[in-house]
Amino acid sequence: MLSEISKTILAEADKRGPDKSTCPSEISRMLFGDDWRKEMGKVREVAIGLHREGKVVITQKGVPIDVDHIKGPVRIKISQNENRSD
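Scoring rules and cut-offs
Residues numbered from 1 in each chain as written. Predicted model: local features only at pLDDT ≥ 70, side-chain atom pairs only at ≥ 80, totals over all residues. Heavy atoms only, no water. Phe/Tyr/Trp six-rings, centres within 6.5 Å; stacked < 30°, edge-to-face > 60°. Lys NZ or Arg CZ within 6 Å of the ring centre and 35° of its normal. pLDDT = per-residue confidence, 0-100. Helix = DSSP H or I, 4+ residues; strand = E, 2+ residues; numbered from the N terminus. Buried < 20%, exposed > 50% of the residue type's maximum accessible area, 1.4 Å probe, protein only. Arc of directions from axis to C-beta. Contact = heavy atoms within 4.5 Å.

Asks: Would you take a moment to explain the packing of aromatic side chains for this structure?
Replies: Each pair of aromatic rings is reported with the distance of its centres and the angle of its planes. On inspection of all chains with the given rule, the structure shows zero aromatic pairs. In this structure, arginine 29 packs its charged tip against the face of tryptophan 36, placed 3.9 Å from the ring centre.

As structure tokens, then:
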């Protein structure tokens, strides 16, 4: 399931491009329906892994953050290096 989460994050972030972002809860809702809240931890975990790989950027209020110290809501953007829509 983690690879499905990863694919969905990358597809949604790529579709929106480097100037727009997606919320982890949107990804969780797409994949898990009514159980989305229970799965948010997995979605964030995968997003953090993609961030560390340089595939996405995790932000708060539009600013990239230190993923080792996340507090509060975050957004996910495709990395400028990963945008495949161009």
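Asks: Looking at this model, I keep getting lost on the confidence of the model for the protein chain. Mind explaining?
Replies: Per-residue pLDDT for the protein chain has a mean of 92; in total, 94% of the residues score no lower than 70. The secondary-structure element of the protein chain with the lowest mean pLDDT is strand β2 (residues 63–64), recorded at 94, while helix α2 (residues 24–32) shows the highest, at 97.

Asks: It is not clear to me how α2 should be interpreted in this structure. Could you clarify?
Replies: Two residues of an α-helix separated by three or four positions point the same way, owing to the 3.6 residues in each turn. Taken together, the buried positions of α2 are Pro24, Ser25, Ile27, Ser28 and Phe32. Summarising the axial view, the buried residues of α2 lie within an arc of 155 degrees, below the 170-degree limit, and thus occupy one face. The secondary structure elements touched by the buried residues of α2 are α1 (2–16), α3 (40–52) and β3 (75–78). At the exit of α2 stands glycine 33, carrying a positive phi of roughly 55 degrees.

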